[in-house]
Amino acid sequence: MSNTLDSAKLSALIQSATKEMVNRMETFIQSVQDDPVGSDTITVILNGEKTVLSRENYNALKEQNAATKMKLKTDINALTDQFRASIQQKPAE
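Remember, it's a predicted structure, so these values are computed and weren't measured experimentally.

How should unusual backbone geometry be read in this particular structure?
Trans is the common state for peptide bonds, and a negative phi is the common state for residues other than glycine. The phi dihedral of Asn 47 is positive, around 55°, even though this residue is not glycine. Position of Asn 47 relative to the elements: it lies in the loop between β1 (41-46) and β2 (49-54).

Below you can see the structure in the form of structure tokens.
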């Protein structure tokens, strides 16, 4: 087992989570783009395009992405734990 943190696995985890969040954001924004926004608004920029969302829709978007962030955190912690375990193992003598 390697004593170095597998940066390729870490990179893949981050890329996957980022892609999932962008895809979800695109889908969500498309679904609410015609909703009235009122006076309490937040502007988000995704792929270079500004979109104005109501506070309610923005909060729903944040909640949607929270699950992906939590899964990413859990996966990174698991990878870190594997790394810690590998450096604590001593070679058999």
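Alright, that's what it looks like, and here's the rest.
What exactly am I supposed to notice about the side chain of Asn 57 here?
Mapped onto the fold, Asn 57 is located in helix α2 (residues 55-88). On the accessibility criterion, Asn 57 (12% relative accessible area) is buried. Filtering out sequence-adjacent residues up to four positions away, Asn 57 remains in contact with Phe 28, Val 32 and Asp 35.

Explanation requested: the packing of helix α1 (residues 7-32) against α2 in the structure shown.
Packed helices, taken two at a time, are described by the angle their axes make and the gap between the axes. The contact between α1 and α2 brings their axes to 10 Å, and the two run at 170°. When the axes of α1 and α2 are compared, the pair comes out roughly antiparallel. Helix-helix and strand crossings are classified by hand; for α1 and α2 the assignment is right-handed. Mapping the contact onto sequence places Lys 9, Leu 10, Leu 13, Ile 14, Ala 17, Glu 20, Met 21, Arg 24, Met 25, Phe 28 and Val 32 in α1 and Asn 57, Ala 60, Leu 61, Gln 64, Asn 65, Thr 68, Lys 69, Leu 72, Asp 75, Ile 76 and Leu 79 in α2. When the residues that make up the contact of α1 with α2 are grouped by side-chain class, the tally is 13 nonpolar, four polar and five charged.

So what exactly am I meant to see when it comes to the nonpolar core here?
General note: in soluble globular proteins, nonpolar side chains tend to be found buried as a group. Counting residues in hydrophobic clusters, the biggest one holds nine residues: Met 25, Phe 28, Ile 29, Val 32, Ile 42, Val 44, Leu 46, Leu 53 and Leu 61. Put simply, the parts of the chain that give this core at least two residues each are α1 and β1. Here this core takes four residues from α1, the largest share from any one element. Setting aside residues up to four positions removed in sequence, Met 25 forms contacts with Leu 46, Leu 61, Gln 64 and Asn 65.

For this particular structure, what's the right way to read the pattern of salt bridges?
Side chains that differ in charge, positive against negative, can pair when their charged atoms come close. Tallied over the full model, the rule gives four salt bridges. The partner of Glu 20 in a salt bridge is Arg 24, and the shortest N-O contact between them spans 3.1 Å. Taken together, the residues span about one helical turn, with Glu 20 and Arg 24 both in helix α1 at a distance of four residues. Taking the relative accessible area as the measure of exposure, Arg 24 reaches 31% and is therefore partly exposed. Two residues, Arg 84 and Asp 81, come together in a salt bridge whose shortest N-O distance is 3.7 Å. Linking Arg 84 with Asp 81, this pair stays in helix α2, spanning three residues, or about one helical turn. Residue class for Arg 84 comes out partly exposed when judged on its relative accessible area of 46%. Residue Asp 81 is classed as partly exposed on the basis of its relative accessible area of 43%.

Calculation rules
- Residues numbered from 1 in each chain as written.
- Predicted model: local features only at pLDDT ≥ 70, side-chain atom pairs only at ≥ 80, totals over all residues.
- Heavy atoms only, no water.
- Helix = DSSP H or I, 4+ residues; strand = E, 2+ residues; numbered from the N terminus.
- Buried < 20%, exposed > 50% of the residue type's maximum accessible area, 1.4 Å probe, protein only.
- Contact = heavy atoms within 4.5 Å.
- Axes fitted to C-alpha atoms, helices over the stretch in contact; angles between N-to-C directions.
- Parallel < 35°, antiparallel > 145°, perpendicular 65-115°, else oblique.
- Left-handed = near helix turned anticlockwise from the far one by under 90°.
- Nonpolar A, V, L, I, M, F, W, Y, C, P; charged D, E, K, R; others polar.
- Core = buried A, V, L, I, M, F, W, Y, C linked by side-chain atoms within 4.5 Å.
- Salt bridge = Lys/Arg side-chain N within 4 Å of Asp/Glu carboxyl O.

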